[in-house]
Amino acid sequence: MTLKQAYSYSVQFLEGNKVDEADFKALCVSCRVAGIKNSEYLSHVNDDIIISRLAKMLWRLKDGEPLQYVLGKWDFFESEFYVGEGVLIPRPETEELVDLCLKYADKDKKLVIYDLCAGTGCIGISLAKKLKNADVYCVEKSEAAFEYLKKNSKQAKNVIPVCADISKDIELPTADIIVSNPPYIKSDELEALQSEVKKEPSLALDGGKDGLDFYRVINSKWADKLTDGGMLFLEIGNEQGNEIKSILTHFKNIEIHKDLYKNDRMVTAVRA
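The rules behind these values
- Residues numbered from 1 in each chain as written.
- Predicted model: local features only at pLDDT ≥ 70, side-chain atom pairs only at ≥ 80, totals over all residues.
- Heavy atoms only, no water.
- Helix = DSSP H or I, 4+ residues; strand = E, 2+ residues; numbered from the N terminus.
- Rg over C-alpha atoms; globule rule 2.2 N^0.38 Å.
- Buried < 20%, exposed > 50% of the residue type's maximum accessible area, 1.4 Å probe, protein only.
- Areas by Shrake-Rupley, 256 points an atom, 1.4 Å probe, with all protein chains shown as cover.
- Pairing = 2+ DSSP bridges.
- Right-handed = clockwise from strand over helix to strand, strands pointing away.
- Patch = residues over 30% accessible without salt bridge, like charges linked within 9 Å, V, L, I, M, F, W, Y side chains within 5 Å.
- Salt bridge = Lys/Arg side-chain N within 4 Å of Asp/Glu carboxyl O.
- 1 Å grid on protein atoms, 1.4 Å probe; cavity = no way out; pocket = protein on both sides within 12 Å on 5 of 7 lines; lining within 4 Å.
- Points joined across faces, edges and corners; volume = space filled by probe spheres on them.
- Nonpolar A, V, L, I, M, F, W, Y, C, P; charged D, E, K, R; others polar.

### Quick look at the overall build of the protein
For step 1, the next point in the chain: Within the protein, the regular secondary structure consists of 9 helices and 9 strands.
For step 2, the next point in the chain: Radius of gyration (C-alpha) of the protein: 20 Å, near the 19 Å computed for a compact globule of 272 residues.
For step 3, the next point in the chain: With the C-alpha coordinates aligned to their principal axes, the bounding extent of the protein is approximately 60 × 40 × 35 Å.
For step 4, the next point in the chain: Buried residues in the protein amount to 52% of all 272 residues.
For step 5, the next point in the chain: Only carbon and sulfur atoms are counted for the fraction: they give 47% of the accessible area of the protein, which is about 13600 Å².

### Side note on the pairing of strand S3 (residues 112-116)
For step 1, the next point in the chain: In terms of residue burial, S3 counts as a mostly covered element, since 5 of its 5 residues are buried.
For step 2, the next point in the chain: Burial along S3 is two-sided: the residues Val112, Tyr114 and Leu116 and Ile113 and Asp115 are all buried.
For step 3, the next point in the chain: Sheet topology note: the S3/strand S4 (residues 135-140) ladder contains 5 bridges and is parallel. Looking across to S4, one finds that Leu116 is bridged to Val139.
For step 4, the next point in the chain: In this fold, the crossover linking S3 to S4 by way of helix H6 (residues 122-130) has right-handed handedness.

### Notes on a nonpolar patch on the surface
For step 1, the next point in the chain: There is a patch of nonpolar side chains on the surface, built from Met1, Tyr9 and Ile51 and spanning about 260 Å² of accessible area.
For step 2, the next point in the chain: Looking at the secondary structure, you find Tyr9 in helix H1 (residues 3-16).
For step 3, the next point in the chain: The exposure class assigned to Tyr9 is partly exposed, which follows from its relative accessible area of 38%.

### Observations regarding the layout of surface pockets
For step 1, the next point in the chain: There is about 570 Å³ of room inside the largest pocket.
For step 2, the next point in the chain: What lines the largest pocket is a set of 20 residues, among which Glu21, Gln68, Gln194, Glu196 and Val197 lie closest to the centre.
For step 3, the next point in the chain: Looking at the lining of the largest pocket, the elements with two or more residues in it are helix H2 (22-34) and helix H4 (67-71).
For step 4, the next point in the chain: Estimated volume of the second largest pocket: approximately 360 Å³.

### Considerations on the pattern of salt bridges
For step 1, the next point in the chain: Taken as a whole, this structure holds 17 salt bridges when the rule is applied.
For step 2, the next point in the chain: One salt bridge in this structure joins Arg32 and Glu80, with 3.4 Å as the shortest N-O distance. With Arg32 in helix H2 and Glu80 in strand S2 (residues 79-82), the pair connects residues that are 48 residues apart, well separated along the chain.
For step 3, the next point in the chain: By relative accessible area, which is 22% here, Arg32 ends up partly exposed.

### Notes on empty space enclosed by the protein
For step 1, the next point in the chain: Under the counting rule described, the total for this entry stands at 1 cavity of 30 Å³ or more.
For step 2, the next point in the chain: If you add up the space inside the largest cavity, you get close to 360 Å³.
For step 3, the next point in the chain: Looking at the largest cavity, it is lined by 27 residues, and the ones nearest its centre are Cys117, Ala118, Gly119, Glu140 and Ala204.
For step 4, the next point in the chain: Within the lining of the largest cavity, the residues separate by chemical class into 17 nonpolar, 6 polar and 4 charged.

As structure tokens, then:
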């Protein structure tokens with residue numbers, strides 16, 4: 001079967017099984033089996049592909065598995081990250097958090113950065129690749145997610161994966177920057193999430209009764225791990241900004257930043 005035939009068949013199969021975004025997902029899996037980027041499709045339409053591998057991927061999509069898990073890798077910022085069952089899928093809005101950190105970071109200084117609730121490590125690793133002088137500690141407690149973090153961290157020599165719970169005491173060097181995209185969905189809202197999102201680990205989504213548990217932990221246990229003038233960067237839910245401002249009692253100069261869609265999405269603060 002040629003790549004063109006594989007793509008056409010994949011669209012038909014996914015549409016027939018009422019899988020959303022059938023065209024895009026068909027292109028992604030067809031190109032992944034062919035070992036090329038989506039943008040290279042037109043140059044490889046007559047290449048032969050392994051149909052058995054494609055069939056397995058299509059059935060996983062039919063069963064509701066997230067496209068990113070089926071592909072095994074996903075683009076984030078300027079890199080590609082291993083993903084799969086047990087780890088949160090990197091999302092485009094989180095790239096804006098990386099950009100915000102880079103805007104404030106002193107690129108000429110020897111920095112220590114913590115990426116808390118790191119998951120795949122996409123935030124910390126992306127920063128490490130841009131800030132060559134930084135030591136970036138990516139902290140993740142889920143053993144399943146930590147396996148992906150370790151694999152992804154091989155992209156940058158200045159990344160140190162740490163398997164630990166941020167609510168516990170962890171011995172690390174004093175940091176200049178703390179960045180985190182913690183779980184922030186309210187517990188009773190998890191069931192209402194899209195079916196594919198519910199395939200992601202609840203541990204990476206559940207922020208407690210009001211969605212703010214991890215922000216409280218960061219405020220109470222991590223503020224004193226920052227240097228004087230050290231900065232905090234957080235991703236937040238689009239209705240949580242004012243509540244988080246009241247939670248961050250150990251910080252000053254707290255600002256809420258909007259994402260590209262004009263939703264509140266990030267918070268910056270300085271250690272008080």
